[in-house]
Amino acid sequence: MKQEYYQIGEVSKITGISKDTLHFYIRSGLMTPDFIDPENHYSYFSRWNMYQLDIITTCRRLGIPLERVKQIISSRDNDKVVNLLKEYQKEALRLSSYYRQVAEDISWYGQENDYIKLHAEDSAVRLEYREPETVIAGKITGDISSYHANLQEVLRQEMQDRHFVRRKYGYILDTEGVLDNRLLKQREYVKLPDNDYSRISPEHLFTLPGGEYAFFTICIRDEKADFSSLHQWLEQQEYTVDAVYAEELGFQLFKYIHKYYCEVRAHVVKKAPEK
């Protein structure tokens, strides 16, 4: 029997497959030892069992689910095996695309974190022109403290079938509050990288107007911010402000509740000439 059958320890040594894994294959029904000694109940593996292990190992390296591996082993027909593998190939291609997207999203997240570190202290005001931009905005309610919940409700209703990791959050600020050096968030919005809002109800869309903006970075601590750099800049320029937005400097899965950075974009217009 030694020349034709192998005990589980010998199979493990020959194949490099651990005993625990071999026991798992037996329990899951992937393979059955060709001989079990009725006296000592030891399991013995035949040459066919060794071929089965080769098939199992190959299929597992291809990431094929256990149930599909069982079908392949039981078929004992290469044509059937090819057809089964082609069926799985479609799923593998789908998963490949998905995990490629996951890898790219993780790289993007790292870049966002680096961007925060690089620009967190950039408080100098600069003037830039921007085209109109559409965003998804939360509902307007009387309770301004619920701005985040309002946006999340919109996203849950509108985006539950859509994959979007890459996004940027922003806030529509109370203009008078900013001019009075107070941070008051009226609504929260989110921007998606592909700008595809075709499935979003018009009532949940908001357009940031085009025009000239004063840009600068602020640090928000305990939901308070200092807008004095904007006040000083306005005093030196012939502009006034009619709308103010703040966008988080970079996307963070863990938001620092007590301290985070935003890029403020204050929409400016020329002051009317004095009479």
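In short, a report on the structure. (Residues numbered from 1 in each chain as written. Predicted model: local features only at pLDDT ≥ 70, side-chain atom pairs only at ≥ 80, totals over all residues. Heavy atoms only, no water.)

1. Regarding the overall build of the chain
Item 1. Of the regular secondary structure elements, the chain holds eight helices and 11 strands.
Item 2. The C-alpha atoms of the chain give 31 Å as radius of gyration, which overshoots the globular expectation for 275 residues (19 Å, by more than 25%).
Item 3. When the backbone C-alpha atoms are referred to their principal axes, the chain occupies close to 110 × 35 × 35 Å.
Item 4. Going through the 275 residues of the chain one by one, you find that 38% of them count as buried.
Item 5. A fraction of 69% describes how many contacts in the chain between residues 6 or more apart in sequence connect residues 24 or more apart.
Item 6. For the chain, the computed accessible surface area is about 17,100 Å², with 50% contributed by carbon and sulfur atoms.
Item 7. Here the chain contributes 37 positively and 43 negatively charged side chains, and the mean placements of these two sets differ by 5 Å. (Helix = DSSP H or I, 4+ residues; strand = E, 2+ residues; numbered from the N terminus. Rg over C-alpha atoms; globule rule 2.2 N^0.38 Å. Buried < 20%, exposed > 50% of the residue type's maximum accessible area, 1.4 Å probe, protein only. Contact = heavy atoms within 4.5 Å. Areas by Shrake-Rupley, 256 points an atom, 1.4 Å probe, with all protein chains shown as cover. Lys, Arg positive; Asp, Glu negative; His and termini not counted. Charge placed at Lys NZ, Arg CZ, Asp CG, Glu CD.)

2. Focus: helix α8 (residues 228–236)
Item 1. Taken together, the buried positions of α8 are Leu 230, His 231, Trp 233 and Leu 234. Down the axis of α8, the sector holding all buried residues measures 165°, keeping them to one side. The outward face of α8, more than 90 degrees from its buried face, is lined by the exposed residues Glu 235 and Gln 236.
Item 2. Residues of α8 that are buried make contact with β4 (126–130), α7 (175–179), β9 (211–221), β10 (239–248) and β11 (259–270). (Arc of directions from axis to C-beta.)

3. Overview of the nonpolar core
Item 1. Core analysis: the largest hydrophobic core is formed by 23 residues, its most contacted members being Leu 173, Ile 218, Phe 227, Leu 230 and Trp 233.
Item 2. For this core, the elements supplying multiple residues, two or more each, are β6 (168–173), β9, α8, β10 and β11.
Item 3. When near neighbours in sequence (up to four residues on either side) are disregarded, Phe 227 contacts Leu 173, Val 178, Asn 181, Arg 182, Leu 183, Phe 216, Ile 218 and Val 264.
Item 4. In terms of nonpolar packing, the next biggest core, distinct from the first, is built from 19 residues, Ile 17, Met 31, Phe 45 and Ile 73 among them. (Core = buried A, V, L, I, M, F, W, Y, C linked by side-chain atoms within 4.5 Å.)

4. Re the packing of helix α3 (residues 47–61) against helix α4 (residues 66–75)
Item 1. The geometry of α3 relative to α4 is characterised by a closest axis approach of 10 Å and an angle of 140° between their N-to-C directions. In terms of axis orientation, α3 runs oblique to α4. Our pair here, α3 against α4, has a crossing hand that is right-handed. Residues Gln 52, Ile 55, Ile 56, Cys 59 and Arg 60 of α3 touch α4, and the partners they reach there are Leu 66, Val 69, Ile 72 and Ile 73.
Item 2. Here the residues of the contact of α3 with α4 sort into seven nonpolar, one polar and one charged. (Axes fitted to C-alpha atoms, helices over the stretch in contact; angles between N-to-C directions. Parallel < 35°, antiparallel > 145°, perpendicular 65-115°, else oblique. Left-handed = near helix turned anticlockwise from the far one by under 90°. Nonpolar A, V, L, I, M, F, W, Y, C, P; charged D, E, K, R; others polar.)

5. A look at the sheet that holds strand β1 (residues 6–7)
The pairing of strands in a sheet happens through backbone hydrogen bonds and is either parallel or antiparallel.
Item 1. Read from one edge to the other, the open sheet built from three strands follows the order β1-β3-β2, with strand pairing classed as antiparallel. Sheet topology places β1 and β2 (35–36) at the edges, where each strand pairs with a single neighbour.
Item 2. With two bridges connecting them, β2 and strand β3 (residues 43–45) associate as antiparallel partners. Each residue of the ladder has a partner; that of Phe 35, found in β3, is Tyr 44. (Pairing = 2+ DSSP bridges.)

6. A look at the pattern of salt bridges
Item 1. What the rule picks out here adds up to 14 salt bridges.
Item 2. The salt bridge partner of Glu 128 is Arg 126, with a shortest N-O separation of 2.8 Å.
Item 3. Take Glu 128: its relative accessible area is 25%, and that puts it in the partly exposed class.
Item 4. For the salt bridge of Glu 247 with Arg 265, the shortest nitrogen-to-oxygen distance reads 3.5 Å. Here Arg 265 lies in strand β11 and Glu 247 lies in strand β10, a separation of 18 residues in the sequence.
Item 5. Judged by relative accessible area, Glu 247 falls into the buried class, the value being 5%.
Item 6. Overlapping salt bridges, with partners in common, bring together Arg 126, Glu 128, Arg 130 and Glu 263 in one network. (Salt bridge = Lys/Arg side-chain N within 4 Å of Asp/Glu carboxyl O.)

7. A look at the pairing of β11
Item 1. By the criterion of burial, β11 is predominantly enclosed, with nine of the 12 residues buried.
Item 2. Two elements, β9 and β11, share nine bridges in a ladder whose sense is antiparallel. The partner of Arg 221 across the bridge, within β11, is Lys 259.
Item 3. Relative to β11, β10 is paired through nine bridges, and the arrangement is antiparallel.

8. Concerning α3
Item 1. The end-to-end C-alpha separation of α3 is 21 Å, in line with the 21 Å expected for 15 residues at 1.5 Å each.
Item 2. Residues Asn 49, Met 50, Gln 52, Leu 53, Ile 56 and Cys 59 constitute the buried set of α3.
Item 3. The inward-facing, buried residues of α3 abut α1 (8–15), α2 (19–27), β3 and α4.
Item 4. Regarding α3, its N-cap is Ser 46, as a side-chain oxygen of that residue lies 3.3 Å from the backbone nitrogen of Trp 48 further along. (Expected span 1.5 Å × (residues − 1). Polar contact = N/O pair within 3.5 Å; in protein donor to acceptor, adjacent residues only side chain to side chain.)

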